[in-house]
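Fold and geometry: a report
Here is what each chain is made of, one letter per residue.
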Amino acid sequence: MKSLETLYSKIKNGERINSEEALNLLTHGELLDLADAANQMRKKLHPEPMVTYVVDRNINYTNICSSGCLFCAFYRDSGNPKGYVISEESLKQKIEETLSLGGTQILLQGGLHPGLDFDYYLGLLSYIKSNFPIHIHGFSPPEILFMAEQSGLSVTDTLKKLIEAGLGSIPGGGAEILVDEVRMQLSPKKYRSEQWLDVMRKAHQLNLRTTATMMFGHIETKEQIIQHLMKIRDLQDETGGFTAFIPWTFQPDHTRLNVKKATAVEYLRVLSVSRLFLDNIDNIQASWVTQGDKIAQASLFFGANDLGSTMIEENVVAAAGVSFRLPKEEMIRLIENAGYQPRQRDCFYNLVEGE
Ligand code: SF4
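Presented here is a report on the structure given in the accompanying data block.

Here is what the cut-offs are and how they apply
Residues numbered from 1 in each chain as written. Predicted model: local features only at pLDDT ≥ 70, side-chain atom pairs only at ≥ 80, totals over all residues. Heavy atoms only, no water. Phe/Tyr/Trp six-rings, centres within 6.5 Å; stacked < 30°, edge-to-face > 60°. Helix = DSSP H or I, 4+ residues; strand = E, 2+ residues; numbered from the N terminus. Near = heavy atom within 4 Å. Nonpolar A, V, L, I, M, F, W, Y, C, P; charged D, E, K, R; others polar. Pairing = 2+ DSSP bridges. Axes fitted to C-alpha atoms, helices over the stretch in contact; angles between N-to-C directions. Buried < 20%, exposed > 50% of the residue type's maximum accessible area, 1.4 Å probe, protein only. Polar contact = N/O pair within 3.5 Å; in protein donor to acceptor, adjacent residues only side chain to side chain. 1 Å grid on protein atoms, 1.4 Å probe; cavity = no way out; pocket = protein on both sides within 12 Å on 5 of 7 lines; lining within 4 Å. Points joined across faces, edges and corners; volume = space filled by probe spheres on them.

Quick notes on the packing of aromatic side chains
Tallied over the entire structure, the rule returns eight aromatic pairs. Ring geometry for W196 versus F242: centroids 6.4 Å apart, planes at 25°, classification stacked. With a gap of 46 residues between them, W196 in helix α9 (residues 193-205) and F242 in strand β6 (residues 242-249) connect regions that are remote in the sequence. An angle of 45° between the planes, with centres 5.8 Å apart, marks the rings of F301 and Y340 as tilted. Here the residue F301 occupies a position in the loop between α12 (288-299) and β8 (306-309), and Y340 occupies one in the loop between α13 (328-337) and β9 (341-344), the gap between them amounting to 39 residues.

Details of the site of the ligand
Taken together, C65, S67, G68, C69, F71, C72, Y75, G111 and K190 make up the full set of residues adjacent to the ligand. Within the shell around the ligand, the residues separate by chemical class into five nonpolar, three polar and one charged.

Topic: the sheet that holds strand β4 (residues 135-138)
Strand order in the open sheet formed by three strands is β2-β3-β4, and the pairing between neighbours is parallel. A strand with exactly one partner marks an edge of an open sheet, and here the two such strands are β2 (56-60) and β4. With strand direction ignored, the average angle separating the axes of adjacent strands in the sheet is 25°.

Considerations on the environment of S130
Within the element layout of this structure, S130 appears in helix α5 (residues 118-131). The class of S130 is exposed, set by a relative accessible area of 59%. Taking the C-alpha atoms as reference, S130 lies 9.6 Å from A165; in sequence the two are 35 residues apart. In terms of polar contacts, S130 uses its side chain to reach the backbone carbonyl oxygen of Y127, at 3.4 Å.

Here we look at the sheet that holds strand β1 (residues 50-54)
The parallel open sheet is built from three strands, whose spatial order is β8-β1-β9. Of all the strands in the sheet, just β8 and β9 have a single pairing partner and so form its edges. Averaged over all pairs of adjacent strands, the angle between strand axes in this sheet comes to 20°, irrespective of strand direction. As paired strands, β1 and β8 are joined by two bridges and run parallel to one another. Bridging across to β8, T52 finds its partner in D306.

Some words on the layout of surface pockets
Taken as a whole, the largest pocket encloses approximately 340 Å³ of empty space. In terms of lining, the largest pocket is formed by 16 residues, of which the most central are I11, K12, A37, M41 and L276. Broken down by element, the residue count for the lining of the largest pocket peaks at seven residues, all from helix α3 (residues 31-45). The residue inventory of the lining of the largest pocket, partitioned by class, reads seven nonpolar, two polar and seven charged.

Some points on unusual backbone geometry
Notably, F139 is not glycine yet its phi reads approximately 60°, a positive angle. You can see F139 is positioned in the loop between β4 and α6 (141-151). Positive phi values are uncommon outside glycine, yet Y349 reaches one of about 70°.

Here it is in structure tokens:
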């Protein structure tokens with residue numbers, strides 16, 4: 001096994017590390033050494049002393065879901081009185097508010113609702129695009145696979161129709177850990193790793209950019225975290241379609257999964273190894289939604305160059321009892337206090353003029 005010093009100098013020289021080396025860093029690296037290496041790599045990729053963020057809102061069009069993932073506190077079964085499908089009025093009001101707050105996009109996501117057909121999703125996109133000048137970042141791979149099943153279309157044809165109706169990019173939700181052994185325990189009814197990757201591959205082939213995520217801190221092992229990163233890196237080598245990687249920690253409250261919450265140190269270790277391993281993904285996003293503002297600030301010294309969304313509204317993590325809020329002014333203050341220039345960006349990491 002190579003010494004950690006050898007690994008750090010390999011990274012410094014711009015050489016790629018392999019899975020075994022990444023696992024060695026994740027297991028044995030000193031926290032501050034990992035921070036130093038990740039921060040240097042981040043500076044190499046983003047020499048400007050700038051941290052980006054996006055102003056948007058999560059809109060969950062339904063919470064009814066047939067998947068029943070063990071880790072999810074958000075979904076409701078069909079027939080549950082707390083189940084909903086968003087009304088046009090509520091959708092309109094949420095988008096108008098987002099635009100009035102300088103928002104540039106919405107994140108549109110929902111459960112796998114057995115009562116909605118493919119036309120519902122196409123209608124949703126067309127309604128938004130014909131009424132509002134806003135980018136739609138929407139429908140994670142499980143939702144797209146579900147729509148393909150409902151409609152009988154191939155994944156590529158499903159994506160083509162969604163793009164035609166106004167879909168602008170895809171979030172990396174539903175990845176959790178891309179190892180089927182883990183998925184079979186957490187979400188046996190949900191789609192397998194290869195299917196998640198295949199939706200992303202096909203989206204990238206259609207020039208639809210996407211993000212990649214990882215939810216960790218539950219039943220996975222360190223080896224499985226690295227396997228997840230490897231699958232993302234391999235696909236990025238193939239397509240180049242991922243704009244960013246967003247690792248975040250599982251929030252156990254109100255879920256059926258009884259595990260201890262990952263610590264901030266565990267989060268920062270995974271964040272920095274992600275920066276070091278994913279040498280082909282430009283942006284690493286910190287998760288203030290799960291970590292809070294102080295750790296989000298620390299993340300900027302552990303490889304993250306982006307703080308993600310101000311999230312005018314967020315429901316999924318909030319359902320698990322975690323609801324940090326971060327208005328735009330607070331986001332700006334937090335970035336400035338960490339010694340960086342805050343810059344608003346769009347979904348493709350273009351800076352928003354006049355900000
Ligand atoms: S994580 Fe998504 S797919 Fe799983 S139960 Fe929750 S809403 Fe449904």
